[in-house]
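Given next are the chains, with one letter for each unit.
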Amino acid sequence: MILEHELPQGSKLYFGKSAKIKRNIESLAVEMLHKEDYKEIATPTFSFLSHQDDFSNRDMIRISGEENHQIVLRYDSTIDAMRLITKRIARSSSHKKWFYIQPVYDYPTTEIHQIGAESLESTSLTPIIELSTKIISAFDLHPTLQICNQKIPLLCAKHLNVDIEFFSSPNIESIAKKAHFLQDLVEVHSKQDIQKCLNNVPNFLTNELQSMLECVQSCTYEHIIFSPLLYAPGGYYEDLFYRMFLDNQILVIGGRYVISDTPSCGFAIYTDNVVENLLKID
């Protein structure tokens, strides 16, 4: 028997205090995004499965639409936003900076509220990092900013002739034993560590390590760590990306990507996790 007060697992309910916090987060984010010349877009809740690119094999919530087309509930806002901006909106607008405030849905009943921003035809991750850290800092939260580069484990796997999944292993010691320079990379955490490491790594990694430093060169955020060997399978970040986390919860994730043949940068704030952390301190 399902009791009247029960909710499907993964669904969200905000009321009173939590609803006010959620609305304050969104309102402040909108204000800051507008100041940076971002315009709002709200994408459809339903999309054609064939438009989901490399996400087609994931656990989406699927239904059949007209003429028996496979329809899914919005699984990823970036995919849909980029497709609609480049294929439809570009006919009437040349604007390159867009944001959205809307949930995405995962099978079977999970909803995830997000605040996202996409900067089209941009290859510099620095402004994106600075904007997202500025928004999070406005709530007096101080998560760790983790800088990563997906190309480094991919290049290392190719150089060592090992499967890339090897770098998904939590066994750091086994990774370090594969080559002497991997031991140095495993121990990297700070800017100083990377600068020291640059003298010891093979040439094919030099530019990728330098790019990690450069993306936060002007960033004033204090709580920064570097994880050059972190490999995050799936998704569309195949280059520089970053995460902000607090107490093992991801508050922000962003990076560089190419979607619809358009090099871009963007981030997503996980609103539900931000609300949860603010409720703890309020």
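Residues numbered from 1 in each chain as written. Predicted model: local features only at pLDDT ≥ 70, side-chain atom pairs only at ≥ 80, totals over all residues. Heavy atoms only, no water.

Engineer: What is the right way to read the overall build of the protein chain from this model?
Structural biologist: Within the protein chain, the secondary structure is distributed over nine helices and eleven strands. Here the C-alpha atoms of the protein chain give a radius of gyration of 20 Å, agreeing with the 19 Å that 2.2 N^0.38 yields for 282 residues. A principal-axis box enclosing the C-alpha atoms of the protein chain has dimensions of 60 × 50 × 50 Å. Sequence separation of at least 24 residues holds for 66% of the intrachain contacts in the protein chain that already meet a minimum separation of 6. For the protein chain, the accessible surface area stands at approximately 15000 Å², while carbon and sulfur atoms represent 49% of it. (Helix = DSSP H or I, 4+ residues; strand = E, 2+ residues; numbered from the N terminus. Rg over C-alpha atoms; globule rule 2.2 N^0.38 Å. Contact = heavy atoms within 4.5 Å. Areas by Shrake-Rupley, 256 points an atom, 1.4 Å probe, with all protein chains shown as cover.)

Engineer: How should I be thinking about the packing of helix H4 (residues 151-160) against helix H8 (residues 203-214) in this particular structure?
Structural biologist: Angle between the axes and distance between the axes are the two parameters that describe a pair of packed helices. Between H4 and H8, the least distance of the axes is 10 Å, while the angle of their chain directions is 165°. The orientation of H4 with respect to H8, classified from their angle, is roughly antiparallel. Viewed along their axes, H4 and H8 form a crossing whose handedness is left-handed. Here Lys151, Ile152, Leu155, Cys156 and His159 of H4 come into contact with H8, specifically with Phe204, Leu205, Glu208, Leu209 and Met212. In terms of residue class, the contact of H4 with H8 is made up of seven nonpolar, one polar and two charged. (Axes fitted to C-alpha atoms, helices over the stretch in contact; angles between N-to-C directions. Parallel < 35°, antiparallel > 145°, perpendicular 65-115°, else oblique. Left-handed = near helix turned anticlockwise from the far one by under 90°. Nonpolar A, V, L, I, M, F, W, Y, C, P; charged D, E, K, R; others polar.)

Engineer: What's the story with unusual backbone geometry in this structure? I'm lost.
Structural biologist: Residues apart from glycine generally show negative phi values, whereas peptide bonds are mostly found in trans. For the peptide bond that leads from Tyr107 to Pro108, omega is 5°, which places it in the cis range. The residue Pro108 is located in the loop between strand S5 (97-106) and strand S6 (110-120) in this model. Phi is positive for Ser260, close to 55°, though the residue is something other than glycine. Residue placement: Ser260 occurs in the loop between strand S10 (249-259) and strand S11 (262-270). The class of Ser260 is partly exposed, set by a relative accessible area of 25%. One non-glycine residue with positive phi stands out, namely Asp261, at about 60°. Tracing the sequence through the fold places Asp261 in the loop between S10 and S11. (Buried < 20%, exposed > 50% of the residue type's maximum accessible area, 1.4 Å probe, protein only.)

Engineer: Would you take a moment to explain the sheet that holds S10 for this structure?
Structural biologist: Either a parallel or an antiparallel arrangement is found when strands of a sheet pair, and the pairing is made through backbone hydrogen bonds. Judged by pairing direction, the sheet is mixed, and its eight strands sit side by side in the order S1-S5-S6-S11-S10-S9-S7-S8 without closing on themselves. The sheet is open, and its two edges are formed by strand S1 (39-40) and strand S8 (224-227), each paired on a single side. For S1 and S5, the ladder comprises two bridges, and the chain directions are parallel. Across the sheet, Glu40 pairs through a bridge with Phe99, a residue of S5. Running over the sheet, helix H1 (residues 16-35) touches S5, S6 and S11 and is turned about 10° from S6. (Pairing = 2+ DSSP bridges.)

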